[in-house]
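The primary structure of each chain is shown beneath.
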Amino acid sequence: MTLAELTLAQWRSFDLAAARRLAREAAADVGGRVRLVETVEHLGAPLHRALVERDGREFALIPGGRVRLGFDLEAWQPTPEQVADYAECLAEDFAWSPDIKAHLADELSPPRTVELAAVLMAVEAEELTGPPADMPGVLAARGLRMPDPDEWEHACGAGATTLFRWGDAYPLDAAPYGGGDGGATGPRLERNALGLRIAYDVYTAELSSGGRAVHGGDGGEAVCGGYGRLREWLPLATANINPAMAEFVHGPDGEDVIDSFSVRPVLSLR
């Protein structure tokens, strides 16, 4: 098995000593060093978390394999509070569809099964240093690349099938932004199962390759617009791709707002 062929199921099957050995191999493959290997609980079972440092930046090991992505709206039932919140949004003309599931269908990627290679992905996203079209070349000069939409979504959810990486619910009395230093708490502020700081603040907005999706936030659009709690929190959903924003940022006017967007670099493994 090559490093790129590592699957999530295999990664889960290793004991901690084997996980540390593989993390050292991955670090050596990219010219980095292992900073941390630990075991956490995820989806009711142990999951290893491995962080590698390279050129002063932390990367998390993201196992791949055959994975299920997207959000199954047929199996999801909104809570009465979520339905009421969406109805209020609809009453204020902040909803594009009269049905909550139809609205989510426009914003979330559909259920699908894909094959992914294992990679190292940056723990923190970084701000764009140029127009979106220039970022593949900018990253390539550093031996990095952009994640594709499937890689981003898999890395965020780490196998979870819930609306958000932490579950289906969001607090109706809290806003989805702020770094915690102002008293904000909750699972959105915790690193995800694989060690990424991801989908935690709607004022972030991450780009992936292909120009079809914006992930992990909407730059604060829904919050600033007062669209209601559901639409405020929805940009943090694992499968949210925000197609309208993706079309805008990759269009002729997108170069004027690059300060509002970021990218999460990826190191390919062999």
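The sections below set out a description of the structure shown in this document. (Residues numbered from 1 in each chain as written. Predicted model: local features only at pLDDT ≥ 70, side-chain atom pairs only at ≥ 80, totals over all residues. Heavy atoms only, no water.)

1. Some remarks on the overall build of the protein
When helices and strands are counted, the protein shows nine helices and eleven strands. For the protein, whose C-alpha radius of gyration is 18 Å, the value lies close to the compact-globule estimate of 18 Å for 270 residues. Judged by the C-alpha coordinates and their principal axes, the protein covers about 55 × 45 × 40 Å. Residue burial in the protein is summarised as follows: out of 270 residues, 50% are buried. Here the analysis covers contacts within the protein between residues at least 6 apart in sequence; of these, 73% occur between residues at least 24 apart. Of note, the protein has its 24 positive side-chain charges centred 10 Å away from the centre of its 42 negative side-chain charges. (Helix = DSSP H or I, 4+ residues; strand = E, 2+ residues; numbered from the N terminus. Rg over C-alpha atoms; globule rule 2.2 N^0.38 Å. Buried < 20%, exposed > 50% of the residue type's maximum accessible area, 1.4 Å probe, protein only. Contact = heavy atoms within 4.5 Å. Lys, Arg positive; Asp, Glu negative; His and termini not counted. Charge placed at Lys NZ, Arg CZ, Asp CG, Glu CD.)

2. Describing the sheet that holds strand 7 (residues 126–127)
Pairing within the open sheet is mixed, and its four strands lie in the order 7-10-8-9. In the strand order of this sheet, the two ends are held by strand 7 and strand 9 (214–215), each with one partner. Of the pairings in the sheet, the one linking strand 8 (residues 206–207) to strand 9 comprises two bridges and is antiparallel in character. Note on strand 9: the bridge partner recorded for Glu206 is His215. (Pairing = 2+ DSSP bridges.)

3. Considering the packing of aromatic side chains
Applying the stated criterion to the full structure yields eight aromatic pairs. Note on Phe164 and Trp233: the rings are 6.5 Å apart at their centroids and 80° apart in plane angle, and the pair reads as edge-to-face. Here Trp233 lies in helix 8 (residues 229–233) and Phe164 lies in the loop between helix 6 (149–157) and strand 8, a separation of 69 residues in the sequence. Accessibility assignment for this pair places Phe164 and Trp233 in one class, buried. Look at Trp166 and Trp233: their rings are 6.1 Å apart centre to centre, the planes differ by 80°, and that puts the pair in the edge-to-face class. Taken as a pair, Trp166 in the loop between helix 6 and strand 8 and Trp233 in helix 8 lie far apart in primary sequence, 67 residues in all. Within the aromatic cluster, the residues linked to one another by ring pairs are Phe164, Trp166, Tyr170 and Trp233. (Phe/Tyr/Trp six-rings, centres within 6.5 Å; stacked < 30°, edge-to-face > 60°.)

4. Concerning helix 3 (residues 80–91)
Here helix 3 contains twelve residues, and its C-alpha end-to-end distance of 16 Å stays within 8% of the 16 Å for a straight helix at 1.5 Å per residue. Those residues of helix 3 lying buried are Gln82, Asp85, Tyr86 and Cys89. Down the axis of helix 3, the buried side of the element spans an arc of 95°, and every buried residue falls inside it. Set apart from the buried face of helix 3 by more than 90 degrees, the exposed residues are Pro80, Glu88 and Ala91. Positive backbone phi, at 65°, marks Asp93, one or two positions downstream of helix 3. (Expected span 1.5 Å × (residues − 1). Arc of directions from axis to C-beta.)

5. Some details on the pairing of strand 1 (residues 33–42)
As defined by bridge partners, strand 1 adjoins strand 2 (residues 45–54) across nine bridges and the pair is classed as antiparallel. Across the sheet, Glu38 pairs through a bridge with Arg49, a residue of strand 2. Where strand 1 hands over to strand 2, the hairpin turn is made up of two residues, of which Leu43 adopts a positive phi near 55°.

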